[in-house]
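# Inside the fold
One letter stands for each residue in the lines below.
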Amino acid sequence: MDIAWLESFLALVEHGSFTRAAEAQHISQPAFSRRIRALELWFGEDLVDRSRFPVTLTPAGVTVRAGAVQTVAGLTAVRDEIRGRQRSPADAVRVAVTHSLATSFFTGWWARCADERTIPCELLPSNTLDAYDSLLHGGCDLLLAYADPASPPGLPQSDVEWLVVATDQLAPFSATVGRRAAFALPGTRSSPVPTVVHGPGAFLGRVTDRLLQGRELFLSPVVQSDLTSALAAFVRAGVGVGWLPELLAAAGIAGGGLRRIGDPTLSARLEIRLYRMRRERIPRHAAAVWCSAAERAAVRRGAVTSPRDTPG
């Protein structure tokens, strides 16, 4: 086993393409492909489905990904400790945060929950599925992520607990021209509305698909990305309509550059949830942040209640 094989495998998972992953690692594509093949030979199973683009993981690949994240992170931390280059603050709370919340919500929330205790933090931005994997396999202490109340996330009820720290709305937004929205829904068959969309595996993309199911809208996708902040930039630039969290769109709304469009049935309520594993012992700083978040959530609801368990 070579640690570089695991690093290349994780790069392939991130980029979804042998070419882009090889470029990101600054090696040739043939050399990159040999690393992936060597890893598959070591495990004795195909880890990626090369017949699809972007490449997808086989069931064996999904299992290896979870272990690879933990292994690479662990070995890197040990190496840095031995070399005297401790990059993370001592006793830092490792918080996995989905990308859109990392840029729109996390900073203010952390300042409130960490209060004046000066609790150190290691922020771990991630997509939703990888963040769940990180929590379940010990890669983080806490997880902050969007959740769709209409669709349970599927985390094991006996192992995970969560609490709602805030709410948001996923809604269609358009750039403005003058004081009016540049685009209007539902569009027509002869003149469909250009849209910027999440990829099929993205959490917010699945919520959007649920909203649009059975609706007579005439849409023409022009940009696809799993990075919500990138889609928001395309919407602000007038490229098309996009379903965005209101927290992410707030600055554009305040500045007059973005406007919510469509009727209320095209929006969905989102919860921002904080997750942790049920363990008898958790790092003291992580426990302090959890208790602070739980107290603030109880005040926001207007009653003191205990954190809720993950719904089945």
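The following paragraphs examine the structure supplied in this document. These figures come from a predicted structure and were not determined experimentally. (Residues numbered from 1 in each chain as written. Predicted model: local features only at pLDDT ≥ 70, side-chain atom pairs only at ≥ 80, totals over all residues. Heavy atoms only, no water.)

## Some remarks on the packing of helix α2 (residues 18-25) against helix α3 (residues 29-43)
A pair of packed helices is captured by two measures, namely the crossing angle of their axes and the spacing between those axes. For the pair α2 and α3, interaxial distance at closest approach is 9 Å and the crossing angle is 105°. As summarised for this structure, α2 and α3 are arranged roughly perpendicular, according to the angle between their axes. Facing Phe18, Thr19, Ala21, Ala22 and Gln25 of α2, the residues of α3 in contact are Gln29, Phe32, Ser33, Arg35 and Ile36. A breakdown of the residues in the contact of α2 with α3 according to their chemical character gives five nonpolar, four polar and one charged. (Axes fitted to C-alpha atoms, helices over the stretch in contact; angles between N-to-C directions. Helix = DSSP H or I, 4+ residues; strand = E, 2+ residues; numbered from the N terminus. Parallel < 35°, antiparallel > 145°, perpendicular 65-115°, else oblique. Contact = heavy atoms within 4.5 Å. Nonpolar A, V, L, I, M, F, W, Y, C, P; charged D, E, K, R; others polar.)

## Concerning unusual backbone geometry
Cis rather than trans, the peptide bond between Leu185 and Pro186 has omega equal to 20°. With respect to the helices and strands, the residue Pro186 is situated in the loop between β7 (180-181) and β8 (193-197).

## Section: the pairing of strand β6 (residues 160-177)
Of all 18 residues in β6, 14 are buried; the element is thus mostly enclosed. Inspection of the sheet shows β6 paired to strand β12 (residues 268-277) by ten bridges, in the antiparallel sense. Paired with Trp162 across the strands is Tyr275, a residue of β12. Judged from the four bridges that link them, β6 and strand β10 (residues 241-245) form a sheet pairing that is antiparallel. Across the sheet, the residue bridging to Pro172 is Trp243, located in β10. (Buried < 20%, exposed > 50% of the residue type's maximum accessible area, 1.4 Å probe, protein only. Pairing = 2+ DSSP bridges.)

## Examining the packing of helix α6 (residues 106-114) against helix α11 (residues 284-301)
At a closest axis distance of 8 Å, the pairing of α6 and α11 adopts a crossing angle of 100°. When the axis of α6 is compared with that of α11, the two are roughly perpendicular. Residues Trp109, Trp110, Arg112 and Cys113 of α6 form the contact with α11, whose own contacting residues are Val289, Ser292, Ala293 and Arg296. Taken together, the residues of the contact of α6 with α11 break down into five nonpolar, one polar and two charged.

## Some words on the pairing of strand β5 (residues 142-147)
Most of β5 sits inside the fold, with six of its six residues counted as buried. Bridge count for strand β3 (residues 93-98) against β5 is three bridges, and the pairing is parallel. Note on β5: the bridge partner recorded for Val95 is Leu142. Pairing between β5 and β12: five bridges, direction antiparallel. Bridging from a neighbouring strand, Ala147 pairs with Glu271 of β12.

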